[in-house]
Amino acid sequence: MKKLGLFLALILLVFPVVGCQSHDMEEEAMEDHANHNMMMGDLHEKTASAEELPTFLANHHEAIGDIYERTPHYQDLLEHMPCYCGCGESVGHRSTFDCFIHERGEDGSVVWDDHGAKCGVCLEIAHASMELYDNGTSVDEIRDLIDERYKEGYAEPTDTPHPSAS
């Protein structure tokens, strides 16, 4: 539990916890996003591969881009981590992975989701999960730590099966 507390303290300094809020986009901004699709308030952008990050990240802090860059490599982990921002109900996400990547094509293409880029809860959970995993914490332990940390004061979690139930 001490590990998660240290990581979350660091994350809170970098990412303000503002929750997920849908942002109205002006027509001018929409013209700049010709390659983007809107899905229930979130932008989706397709790139040829996971090595090519979406252009919408240019409008965000470098640390957010770092999380997006790592996300495709942690799919098996993040698909077992629920999100506690309310995105399960609002946009149909099934796990924290969905907050960053909408889908992966058989050809290696990636449809990115900007939901995670504008949500402190999503960013915290993804970053803490990846850092804990890199430091040797098991997927089951990380899931238990995330569930414990977000059990009160946050939205209902996504309907994400526990890794030990898989």
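Residues numbered from 1 in each chain as written. Predicted model: local features only at pLDDT ≥ 70, side-chain atom pairs only at ≥ 80, totals over all residues. Heavy atoms only, no water.

Please clarify how the packing of aromatic side chains should be interpreted in this entry.
To describe a pair of aromatic rings, one takes the distance between the centres and the angle between the planes. Counted under the stated rule, the structure contains 6 aromatic pairs. Centre to centre, the rings of Y68 and W112 are 6.1 Å apart; their planes meet at 50°, and the pair counts as tilted. With Y68 in helix α3 (residues 62–70) and W112 in strand β4 (residues 110–113), the pair connects residues that are 44 residues apart, well separated along the chain. No difference in accessibility class separates Y68 from W112, as the two residues are buried. With 6.4 Å between their ring centres and 85° between their planes, Y74 and Y133 make a pair best called edge-to-face. Pair noted here: Y74 is in the loop between α3 and α4 (75–78) and Y133 is in helix α6 (residues 120–134), with a separation of 59 residues, a long-range link. Judged by its relative accessible area of 41%, Y133 falls in the partly exposed class. Joined through ring pairs, the aromatic side chains of F56, Y68, F100 and W112 make up one cluster. (Phe/Tyr/Trp six-rings, centres within 6.5 Å; stacked < 30°, edge-to-face > 60°. Helix = DSSP H or I, 4+ residues; strand = E, 2+ residues; numbered from the N terminus. Buried < 20%, exposed > 50% of the residue type's maximum accessible area, 1.4 Å probe, protein only.)

Looking at this model, I keep getting lost on the pattern of salt bridges. Mind explaining?
Two side chains bearing opposite charge may form a pair once their charged atoms approach each other closely. Applying the stated criterion across every chain yields a total of 7 salt bridges. One salt bridge in this structure joins R94 and D98, with 3.4 Å as the shortest N-O distance. Look at R94 and you get exposed, because its relative accessible area is 54%. Owing to a relative accessible area of 7%, D98 belongs among the buried residues under this scheme. Note that K151 is salt-bridged to E148, the shortest N-O span being 3.0 Å. Here E148 falls in the partly exposed class, since its relative accessible area comes to 37%. (Salt bridge = Lys/Arg side-chain N within 4 Å of Asp/Glu carboxyl O.)

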